[in-house]
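Structural overview for review
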Amino acid sequence: DRWDLPQEERPPRSGGPTTASLKGKVIHALTGVPIQGAKVSVQTAPNSQQGPIITDEEGAFEFRALPEGRLRLVVSAPGFLKKELSVETKADQYTQVEVPLKPETKERKKIRVEGISVEIAEEKIFILESTGQSLTLEQYKAYVGGKVRQKVGTLEKLRNIWIDNAKRRE
């Protein structure tokens, strides 16, 4: 398993005592109105999950006895696109999260990829652990690109670092 090769999405990492809690609210992404009856589950390990549970009239949900670490939250509701996001929990603490769901359109957007017609079924959101900010894939790519340019400077410097295993690891 080489870290510098393209990889499938990694399973959540977690461990230690199961004393973390996760509270959240599922809302309509466009109106901010709470979504009652959304299904929410949290993947705590590759083959282990809690839920699904159903959000109440306030769109609220709560999980207790979770391990500390990075967990995957999966949220779906009728008429909305399913959403998965990564959440970082800490032992003996509540983690708060708001999950905006985008409504399904009657006709899904279709895009053309090398002669194949595909549909966009769902979007993933990236959560920056340092700030808690939610980013779409495009925003995340721009953010990471900016950080790499800030740290490395030029493409030539990046190449020199990348071809040297010790420098790359650092």
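Small disclaimer: the values here were computed from a predicted structure and weren't measured.

The next subject is the overall build of the protein. From N to C terminus, the protein includes three helices and eleven strands. For the protein, the sequential pattern of α-helices and β-strands runs β-β-β-β-β-β-β-β-β-β-β-α-α-α. Expressed as a percentage of its 170 residues, the buried residues of the protein come to 27%. Taking as baseline every contact in the protein between residues at least 6 positions apart, the subset at least 24 positions apart corresponds to 52%. Accessible surface for the protein amounts to roughly 11,800 Å². Of this, 52% is attributable to carbon and sulfur atoms.

This brings us to the pairing of strand β3 (residues 48-54). As defined by bridge partners, strand β2 (residues 39-45) adjoins β3 across five bridges and the pair is classed as antiparallel. Residue pairing for β3: K39 is matched across the bridge by I54. Between β2 and β3, which follow one another and run antiparallel, lie two residues.

Judged by side-chain polarity, L137, Y140, Y143, V144 and V148 come together as a nonpolar surface patch covering roughly 360 Å² of accessible area. Note that L137 resides in helix α1 (residues 137-152). Looking at L137, the relative accessible area reads 40%, which means it is partly exposed.

Structurally, T89 can be placed in strand β5 (residues 83-89). A polar atom in the side chain of T89 sits 2.7 Å from the backbone oxygen of P67. Setting aside anything within four residues of it in sequence, one finds T89 in contact with A20, P67, E68, G69, L71 and T95.

Turning to the environment of P100, a few remarks are in order. Among the structural elements, P100 can be located in strand β6 (residues 94-101). A C-alpha to C-alpha distance of 8.6 Å links P100 and K83, two positions 17 residues apart in sequence. Not counting residues up to four positions away in its chain, the partners in contact with P100 are I27, A29 and K83.

A full pass over the atoms with the stated rule returns four salt bridges. Two residues, K82 and E84, come together in a salt bridge whose shortest N-O distance is 3.9 Å. Under the relative-accessibility criterion, E84 is labelled buried at 16%.

Residue position: E98 is located in strand β6. Dropping the residues within four chain positions of it, E98 is found in contact with K25 and I27.

A few words now on the pairing of β2. The two faces of a sheet get side chains in turn, since along a regular strand they alternate between them. In terms of burial, β2 is largely enclosed, as five of its seven residues are buried. Taken together, the five bridges between β2 and strand β4 (residues 60-76) define a ladder with antiparallel strand orientation. Bridge pairing in β4 links V40 to V75.

With that settled, consider the confidence of the model for the protein. On average, residues of the protein score 79 in pLDDT, and 76% of them are at 70 or above. Confidence, expressed as mean pLDDT per element, reaches its minimum in the protein at strand β7 (residues 110-113) with 64 and its maximum at β6 with 89. A low-confidence stretch, residues 7-14 stays under pLDDT 50, and its non-local contacts, those more than four residues away or across chains, total 23 contacts.

Its boundaries defined by the atoms lining it, the second largest pocket holds a volume of some 360 Å³. Looking at the second largest pocket, it is lined by twelve residues, and the ones nearest its centre are K151, V152, I161, R168 and E170. Looking at the lining of the second largest pocket element by element, the count peaks at five residues for α1. A per-class count over the lining of the second largest pocket returns seven nonpolar, no polar and five charged.

Parameters and conventions
Residues numbered from 1 in each chain as written. Predicted model: local features only at pLDDT ≥ 70, side-chain atom pairs only at ≥ 80, totals over all residues. Heavy atoms only, no water. Helix = DSSP H or I, 4+ residues; strand = E, 2+ residues; numbered from the N terminus. Buried < 20%, exposed > 50% of the residue type's maximum accessible area, 1.4 Å probe, protein only. Contact = heavy atoms within 4.5 Å. Areas by Shrake-Rupley, 256 points an atom, 1.4 Å probe, with all protein chains shown as cover. Pairing = 2+ DSSP bridges. Patch = residues over 30% accessible without salt bridge, like charges linked within 9 Å, V, L, I, M, F, W, Y side chains within 5 Å. Salt bridge = Lys/Arg side-chain N within 4 Å of Asp/Glu carboxyl O. Polar contact = N/O pair within 3.5 Å; in protein donor to acceptor, adjacent residues only side chain to side chain. pLDDT = per-residue confidence, 0-100. 1 Å grid on protein atoms, 1.4 Å probe; cavity = no way out; pocket = protein on both sides within 12 Å on 5 of 7 lines; lining within 4 Å. Points joined across faces, edges and corners; volume = space filled by probe spheres on them. Nonpolar A, V, L, I, M, F, W, Y, C, P; charged D, E, K, R; others polar.

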